[in-house]
Amino acid sequence: MAIDLIAGGRNKKKSRTAPKSDNVYLKLLVKLYKFLVRRTDSKFNKVVLKRLFMSKTNKPPMSLSKLAKFMEGKDGKIAVLVGTITDDVRLYDVPKLRVCALRFTQTARARIIKAGGECLTFDQLALIAPTGAGTVLLRGPKLAREAVKHFGRATGVPHSNTKPYVRSKGRKFEKARGRRASRGYKA
């Protein structure tokens, strides 16, 4: 492996400095928050800008039920999520919430508005709270993806809880190799 060189020596900074996406609206938000980072002394804006650069897997969605749980006892504050807010049918009563996110699913938006809440975009948030005062910055569960269940120690080794990549779960699929003749061999 070679060293990553740029003019002036080694490149030690590996974090993104711009989003890879070609979404023009995202690029406009980046422009806005770059300005706010420069002109305000607010850590909130720095974090939001950094998260706007992130990849899709690093901007995990959050369900309405999790959002309601995290916002308990935080009346009058705006929930901020750099990602998508999704609906959760298991949540029966949606509390009144002010939420700012990159996207809302159709049903999630409808349920928040029906409960007397508000769905904000990041440009609206920049006008309401330019320094992030009165907001609660949230993140979705990054390791809740199906793919993550397959990461870790190899399946079958002791103390491994890793999920195998099996076509289906049944008698004929990856069961007891070495224990019976029909599965490879019998020891």
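Scroll up to find the structure this text is about.
Predicted, not measured: the structure shown is a model, and the values here were computed from it.

1. Some details on the overall build of the chain
Helix and strand counts for the chain stand at five helices and seven strands. In sequence order, the chain lays out its α and β elements as β-β-α-α-β-α-β-β-α-β-α-β. Taken over C-alpha atoms, the radius of gyration comes to 23 Å for the chain, far larger than the 16 Å a tight globule of 187 residues would show. Expressed as a percentage of the 187 residues in the chain, the buried residues total 32%. For the chain, the share of sequence-separated contacts (at least 6 apart) that also reach a separation of at least 24 residues comes to 42%. For the chain, the exposed surface amounts to about 13500 Å²; the carbon and sulfur share of it is 54%. The positive charge centre, built from 44 side chains, and the negative charge centre, built from 12, are 11 Å apart in the chain.

2. So, the state of the cysteines
Within this structure, the stated rule accounts for zero disulfides. Not engaged in a disulfide, the cysteine C100 finds its nearest cysteine sulfur in C119; these two sulfurs lie 9.9 Å apart. For C119, a relative accessible area of 14% gives the class buried.

3. Looking at a nonpolar patch on the surface
Taken together, the side chains of V24, Y25 and L28 define a hydrophobic patch exposed on the protein surface, amounting to about 360 Å² of accessible area. If you trace the backbone, L28 turns up in helix α1 (residues 24-39). For L28, a relative accessible area of 51% corresponds to the exposed category.

4. Thoughts on the environment of T131
Along the chain, the position of T131 falls in the loop between α5 (122-128) and β7 (135-138). It is 21 Å that separates the C-alpha atoms of T131 and Y25, two residues lying 106 residues apart in sequence. When neighbours within four sequence positions are excluded, T131 is seen to be in contact with T40, S42, F44 and N45.

5. Some points on helix α2 (residues 43-52)
Residues spaced three or four apart along an α-helix point in a common direction, a consequence of the helix completing one turn every 3.6 residues. What α2 keeps buried is the set F44, N45, V48, L49, R51 and L52. Buried residues of α2 fall within an arc of 165° about the axis and therefore sit on the same side. Of the residues in α2, the exposed ones pointing more than 90 degrees away from the buried face are K43 and K50. For α2, the secondary structure elements touched by its buried residues are α1, β4 (78-86), β5 (98-104), α5 and β7. Put simply, S42 is the residue that caps the front of α2, since its side-chain oxygen is 3.3 Å from the backbone nitrogen of F44.

6. Some points on the pairing of β4
With eight of nine residues buried, β4 is to be regarded as a mostly interior element. By the bridge criterion, two bridges tie strand β3 (residues 62-63) to β4 in an arrangement that is parallel. Within the sheet, the bridge partner assigned to S63 lies in β4 and is T86. Taken together, β3, helix α3 (residues 64-70) and β4 form a β-α-β motif whose crossover is right-handed. Bridging between β4 and β5 involves six bridges; their strand directions are parallel.

7. Details of unusual backbone geometry
You will see that H159, though not glycine, has its phi angle at about 65°, which is positive. The residue H159 is located in the segment after β7 in this model.

Cut-offs applied
Residues numbered from 1 in each chain as written. Predicted model: local features only at pLDDT ≥ 70, side-chain atom pairs only at ≥ 80, totals over all residues. Heavy atoms only, no water. Helix = DSSP H or I, 4+ residues; strand = E, 2+ residues; numbered from the N terminus. Rg over C-alpha atoms; globule rule 2.2 N^0.38 Å. Buried < 20%, exposed > 50% of the residue type's maximum accessible area, 1.4 Å probe, protein only. Contact = heavy atoms within 4.5 Å. Areas by Shrake-Rupley, 256 points an atom, 1.4 Å probe, with all protein chains shown as cover. Lys, Arg positive; Asp, Glu negative; His and termini not counted. Charge placed at Lys NZ, Arg CZ, Asp CG, Glu CD. Disulfide = S-S within 2.5 Å. Patch = residues over 30% accessible without salt bridge, like charges linked within 9 Å, V, L, I, M, F, W, Y side chains within 5 Å. Salt bridge = Lys/Arg side-chain N within 4 Å of Asp/Glu carboxyl O. Arc of directions from axis to C-beta. Polar contact = N/O pair within 3.5 Å; in protein donor to acceptor, adjacent residues only side chain to side chain. Pairing = 2+ DSSP bridges. Right-handed = clockwise from strand over helix to strand, strands pointing away.

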